[in-house]
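Coordinate inspection notes
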Amino acid sequence: MTERSNTHQNSPILVLGGTGKTGRRVVDRLTERGVLTRVGSRSAEIPFDWEDRSTWGPALEGVSAVYISFYPELAFPGATETIEVFTRTAVAAGARRLVLLSGRGEEEARASELVVERSGVAWTIVRASWFNQNFSENFLLGPVLSGDIALPAGDAAEPFVDADDIADVAVAALTSEGHDGQVYEVAGPRLLTFADVAKEISDATGRDVRYTPVSTEEYAAVLRAQDLPMEFVDLFTKILDGRNASLTDGVRRALGREPRDFRDYARATAATGVWG
C-alpha cells in the first residue's frame, strides 16, 4: 500500500488503549514512522477515560484519525451507546478516519461496528480472534506460570492471532490507502485448541503447562478472585462454541503477507523470560 497523502499530517492520530496490548504497539509503529501520535489512556499527558466523558473532548482536539480500542469489551452491556456518543464526538471534533478494534464472533459487537460504519467518515474494522498475548501480557499469564490454564473452553479450536499482526493492520489502515470501508477478520494461520496451546508453551519453555477445562461456575469463581468482570463468563461461553473455528485472510488482505504462527510467538516469548 502507498503512503496516504495526508492534508492533516500535522494533526495527531489518537490511539485509545494506547498502553494496552494492541494500542501500545500501534503507538510504537506510528512513532517509528514519524507520525504525530497521541496516547489515549488515563495516565497520558492528555488523559482519556471511557468512564469520564469530560476527558474525551481534550483528547480529541485537533486529531485527524482515531484507533478505537474499547475497554473492557464491545460485547459488554452499554458499550454500543458509549461508542455511539464517542463517535459523534470524534467526528464533531474533526476526526476523518476511524479504525475500530472489534471481536470476531461477538454478535453484540456488530452494533458498535455499525455505528462506526455509519459515522460519515472513512472507517476500517479490525475484527480479531483470541490474542496470543493473552497468555503472556494479560489474565492468562498467571495460569501459565502456575502450569495450569483453566478455562470453560472445552475442546474448542481457535485461530489465535498475534497482537503484532493486529497492530500492523491497524497502522496500515490509519496511514495508507486502500483500507477504507474494509472489514478485516484477522486470525493466525492454524486452528489450535487450548490443549494445543498448552503443549506449544510447554515445548517452548521446557516446563509442564497443561490445560484444564472447567465449568462456567468454576471459572466465575476465578474471575471474582481476580476482580475481573463477570461478563467474561458469558462472552467466553459464546465465542468458544466453535463459531470461530475457521481461518480467515484478513492479515493477508491488509498486509500482503501471512500472519504470525503461535509457535513463533511462543518461542520468542519464552526467550524473554516472562514465562520463566
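Residues numbered from 1 in each chain as written. Predicted model: local features only at pLDDT ≥ 70, side-chain atom pairs only at ≥ 80, totals over all residues. Heavy atoms only, no water.

**Structural notes on helix H7 (residues 194–205)**
For the α-helix, the turn length of 3.6 residues means that residues three or four positions removed from each other point alike. Rule in force here: Under the DSSP-based scheme used, a helix requires at least four consecutive residues in state H or I and a strand at least two consecutive residues in state E, with every element numbered from the N terminus. What a helix should span is 1.5 Å times the count of its residues minus one. Using a 1.4 Å probe on the protein chains alone, a residue whose accessible area is under 20% of its type maximum counts as buried, one over 50% counts as exposed, and one in between counts as partly exposed. In this analysis, two residues are considered to be in contact whenever any of their non-hydrogen atoms come within 4.5 Å of each other.
The terminal C-alpha atoms of H7, which comprises 12 residues, lie 16 Å apart, in line with the 16 Å expected from a rise of 1.5 Å per residue. For H7, the full list of buried residues reads Phe 194, Val 197, Ala 198, Glu 200, Ile 201 and Ser 202. Its buried side turned inward, H7 meets helix H5 (141–146), strand S6 (148–151), strand S9 (192–193), strand S10 (210–213) and helix H11 (262–272). A positive phi of about 75° marks Gly 206, the residue just after H7.

**Side note on the packing of aromatic side chains**
What counts here: Each Phe, Tyr or Trp ring (for Trp, its six-membered ring) is paired with any other whose centre lies within 6.5 Å, and the angle between the two planes then decides the class: stacked below 30 degrees, edge-to-face above 60, tilted in between.
Taken as a whole and assessed by the stated rule, the structure comprises 18 aromatic pairs. Seen from their ring centres, Trp 56 and Phe 86 are 5.6 Å apart, and the 80° between their planes marks the pair as edge-to-face. On the criterion of sequence distance, the pair formed by Trp 56 in helix H2 (residues 56–60) and Phe 86 in helix H3 (residues 79–93) is long-range, its members being 30 residues apart. Here Trp 56 and Phe 86 have matching classes, each one buried. Geometrically, the ring pair formed by Tyr 265 and Trp 275 is edge-to-face, given 5.8 Å between the ring centres and 85° between the ring planes. Note that Tyr 265 is positioned in helix H11 and Trp 275 in the segment after H11, a separation of 10 residues in sequence. Taking relative accessible area as the criterion, Tyr 265 reaches 1% and is therefore assigned buried. One aromatic cluster in this structure is built from Trp 130, Phe 135, Phe 139, Phe 160, Phe 194, Tyr 211, Phe 262, Tyr 265 and Trp 275.

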